[in-house]
Amino acid sequence: MKRTSVELADGRELVYFDEREDADRSVPDRRDLPPPPPASELRYDPLVDEWVAVAAHRQTRTFLPPTDQCPLCPSTPDRSTEIPAYDYDVAVFENRFPSFSDRLVDLPAELTPFSPVRPGRGRCEVVCFTADHNASFAALSPARVRTVLEAWADRTSYMSGLPGVEQVFCFENRGVEIGVTLHHPHGQIYAYPFVTPKGRAMLGAARAHAERTGGANLYADVLAAERAAKVRVVAANEHWTAYVPAASRWPFEVQVAPHRVVPDIPALNDAERDAFGPLYLDVLRRFDALFDKPMPYISAWHQAPVRDGRELAHLHLQVFSIRRAADKLKYLAGSESAMGVFINDVAPEQAAARLREV
């Protein structure tokens, strides 16, 4: 794989990950762009002990442009996009409308004695999986998935070393039902300046389990139990298992986990990286076959925080959909949105059986 870093017209970084060593990435960004926006504000909510990012500049971000105006397609001699090259394999660049960045500005120390404020230090990147606007992740080859995995590993390592970053999150949103604003196959990476609420909750549960059991890894024990039970396993190979969690919150939810305990994507070895693509593609294609149409989903990598509790974590990928039937979506209504209590309309065992059958 060939890795090439270039600078866009406004100073943002773009990194090409090419499957050919002779790929030429010398085409410059010909656009005249304004400077990138400053970092967002982080405002503390004392009632739930969480930070909220306020990024008002994101109101102007690109929203569902026509295909011929897609900013993630390769450039052409007549039109320049976010990708200067006329073709590419995988490209990663700093988001033009980031939720977090290193372009800090002075902020007040607090809004009230209970509401401190600080800059939204961090980084947000866009990962373009293919130059083909009409493709999807499920349509990629295993070799291309391996390239994407290398990009995730590269960017996770880089972003984990940035000042103030505490957790790195790689994810993909697919489908207008989920809320995507660009149709081109792509994902994102967020480098947060704090451990996320979900990350803190998972570390807390893992820490309590380790204390009860003399050091056992909670996720590894849960994975072993699911592999033994078999009823919720959707697919597996030598290095990975895909299963529906026993307490899944979403109508169709699968977690894809390596059998070996590793904290993050960079820690995967070559055999694990090779084995991931075929299994994950199988899961995504089952999702699309379930209702015989593209399934909207969120695909989320749960990685260890940069510093806190890395020995407690176990890398895994969570992919889930809000579609509960061919013509029905699950909306986060009162109980889910206000109280955080999920009520699932589909039994996990039934979901696993249906995914195995398609």
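Up top is the structure these notes are about.
Residues numbered from 1 in each chain as written. Predicted model: local features only at pLDDT ≥ 70, side-chain atom pairs only at ≥ 80, totals over all residues. Heavy atoms only, no water.

**Remarks on the overall build of the chain**
Note the cut-off: Helix and strand definitions here come from DSSP, where helices need a minimum of 4 consecutive H or I residues and strands a minimum of 2 consecutive E residues; each element is numbered from the N-terminal end. The size measure is the radius of gyration over C-alpha atoms, and the globule rule it meets is 2.2 Å times the number of residues to the 0.38 power. Burial here depends on accessible area, computed with a 1.4 Å probe over protein chains only, as a share of the maximum for the residue type. Under 20% is buried, over 50% is exposed, and the range in between is partly exposed. Method for areas: the Shrake-Rupley scheme with a 1.4 Å probe, in which residue coverage is limited to the protein chains shown.
Scanning the chain from terminus to terminus reveals six helices and 17 strands. In terms of C-alpha radius of gyration, the chain reaches 21 Å, essentially the compact-globule figure of 21 Å for 358 residues. By principal-axis analysis of the C-alpha atoms, the chain measures approximately 60 × 55 × 40 Å. Within the chain, buried positions represent 52% of all 358 residues. For the chain, the accessible area works out to roughly 16200 Å², and carbon and sulfur atoms hold 53% of it.

**Some points on a nonpolar patch on the surface**
Let me state the cut-off plainly: Like-charged residues within 9 Å of one another, or nonpolar side chains (Val, Leu, Ile, Met, Phe, Trp, Tyr) within 5 Å, are grouped into patches, provided each residue has over 30% relative accessible area and no salt bridge. Note on definitions: salt bridges are taken to be side-chain nitrogens of Lys or Arg within 4 Å of carboxyl oxygens of Asp or Glu.
On the surface, a cluster of nonpolar side chains totalling about 320 Å² of accessible area is made up of Met-339, Val-341 and Ile-343. Secondary-structure assignment places Ile-343 in the loop between helix H5 (334-339) and helix H6 (348-357).

**Topic: the pattern of salt bridges**
What the rule picks out here adds up to 33 salt bridges. The residue Glu-125 makes a salt bridge to Arg-123 at a minimum N-O spacing of 2.6 Å. Under the relative-accessibility criterion, Arg-123 is labelled buried at 8%. Here the residues in one salt-bridge network are Arg-3, Glu-13, Glu-94, Arg-103, Arg-123, Glu-125, Asp-154 and Arg-155, joined through shared partners.

**Considering the sheet that holds strand S7 (residues 115-119)**
Keep this limit in mind: For two strands to be treated as a pair, DSSP must find no fewer than two bridges joining them. The convention used is that axes are lines fitted to C-alpha atoms, helices contributing only their stretch in contact, and that angles between N-to-C directions extend from 0 to 180 degrees.
Sheet architecture is open: four strands sit in the order S4-S3-S7-S6, paired in antiparallel fashion. The sheet is open, and its two borders are formed by strand S4 (50-54) and strand S6 (110-112), each paired with just one other strand. For this sheet, the mean angle separating the axes of adjacent strands, direction not counted, is 25 degrees. In this structure, S6 lies alongside S7, joined through two bridges in antiparallel fashion. Bridge pairing in S7 places Glu-110 opposite Pro-116.

**Details of helix H3 (residues 218-229)**
Heads up, the condition is: Helix span is expected to be 1.5 Å times the residue number reduced by one. Taking the helix axis as origin, the arc is that swept by the directions to the C-beta atoms. Polar contacts, as counted here, are pairs of nitrogen or oxygen atoms within 3.5 Å of one another; within protein the pair requires one atom able to donate a hydrogen and one able to accept it, and residues that are adjacent in sequence qualify only if both atoms are side-chain atoms.
Over its twelve residues, H3 extends 17 Å from the first C-alpha to the last, a length consistent with the 16 Å expected when each residue adds 1.5 Å. Within the sequence span of H3, burial applies to Tyr-219, Leu-223 and Glu-226. Projection of H3 onto a plane perpendicular to its axis shows the buried side chains occupying an angular sector of 65 degrees, all on one side. In this structure Asn-217 caps H3, since a side-chain oxygen of it lies 3.1 Å from the backbone nitrogen of Tyr-219.

**Some details on the packing of helix H4 (residues 270-290) against H6**
What counts is decided by this rule: Roughly parallel means an angle under 35 degrees; roughly antiparallel means over 145; roughly perpendicular covers 65 to 115; every other angle is labelled oblique. Throughout, a residue-residue contact means that at least one pair of heavy atoms, one from each residue, lies within 4.5 Å. Residues are grouped as follows: nonpolar covers Ala, Val, Leu, Ile, Met, Phe, Trp, Tyr, Cys and Pro; charged covers Asp, Glu, Lys and Arg; every other residue, Gly included, is treated as polar.
At a closest axis distance of 9 Å, the pairing of H4 and H6 adopts a crossing angle of 95 degrees. Regarding the angle of H4 to H6, the classification is roughly perpendicular. For the pair H4 and H6, the contacting residues are Arg-286, Phe-287 and Leu-290 in the first and Arg-354, Leu-355, Arg-356 and Glu-357 in the second. Taken together, the residues of the contact of H4 with H6 break down into three nonpolar, no polar and four charged.

**Thoughts on the sheet that holds strand S14 (residues 297-302)**
Reading across the sheet, the eleven strands line up as S1-S2-S5-S8-S10-S9-S14-S15-S13-S12-S11 and stay open at both edges, with antiparallel pairing between neighbours. Each of the sheet's edge strands pairs with one partner strand only, and the pair in question is strand S1 (2-7) and strand S11 (233-236). For this sheet, the mean angle separating the axes of adjacent strands, direction not counted, is 20 degrees. Direction of pairing for S1 relative to strand S2 (residues 13-18): antiparallel, over a ladder of six bridges.

**Focus on the packing of helix H1 (residues 142-160) against H4**
Convention followed: The crossing is said to be left-handed when, going from far helix to near helix, the turn is anticlockwise and less than a right angle, and right-handed when the turn is clockwise.
For the pair H1 and H4, interaxial distance at closest approach is 9 Å and the crossing angle is 120 degrees. By the angle between their axes, H1 is oblique relative to H4. In terms of crossing hand, the pair formed by H1 and H4 is right-handed. On H4, the residues that touch Pro-142, Val-145, Arg-146, Leu-149, Glu-150, Trp-152 and Ala-153 of H1 are Asp-270, Arg-273, Asp-274, Phe-276, Gly-277, Pro-278 and Leu-281. Here the residues of the contact of H1 with H4 are counted per class, giving eight nonpolar, one polar and five charged.

**Some remarks on the pairing of S7**
In the sheet, strand S3 (residues 41-45) pairs with S7 via three bridges, with the strands oriented antiparallel. Across the sheet, the residue bridging to Arg-43 is Val-117, located in S7. Count of turn residues in the S6/S7 antiparallel hairpin: two residues.

**Observations concerning the pairing of S4**
The two faces of a sheet get side chains in turn, since along a regular strand they alternate between them. Here S3 pairs with S4 via five bridges, running antiparallel. Across the sheet, Arg-43 pairs through a bridge with Val-52, a residue of S4. Count of turn residues in the S3/S4 antiparallel hairpin: four residues, of which Asp-49 carries a positive phi of about 55 degrees.

**Topic: the environment of Leu-107**
With respect to the helices and strands, Leu-107 occurs in the loop between strand S5 (90-94) and S6. Among residues more than four places away in sequence, those in contact with Leu-107 are Glu-41, Val-117, Arg-118 and Pro-119.

**Description of the nonpolar core**
As a reminder, the rule being used: To form a nonpolar core, buried Ala, Val, Leu, Ile, Met, Phe, Trp, Tyr and Cys residues must be joined to one another through side-chain atoms within 4.5 Å.
In terms of nonpolar packing, the biggest core is built from 54 residues, with Phe-137, Trp-152, Phe-252, Val-254, Ile-265, Phe-276 and Trp-301 touching the most fellow members. Sort the elements by how many residues they give to this core and H4 lands first, with nine residues. Excluding its chain neighbours within four sequence positions, the residues that come into contact with Ile-265 are Leu-149, Trp-152, Ala-153, Cys-170, Arg-273, Trp-301, Gln-303 and Leu-315. Core analysis: the next-biggest nonpolar cluster, separate from the first, contains 15 residues, Ala-85, Tyr-88, Val-126 and Cys-128 among them.

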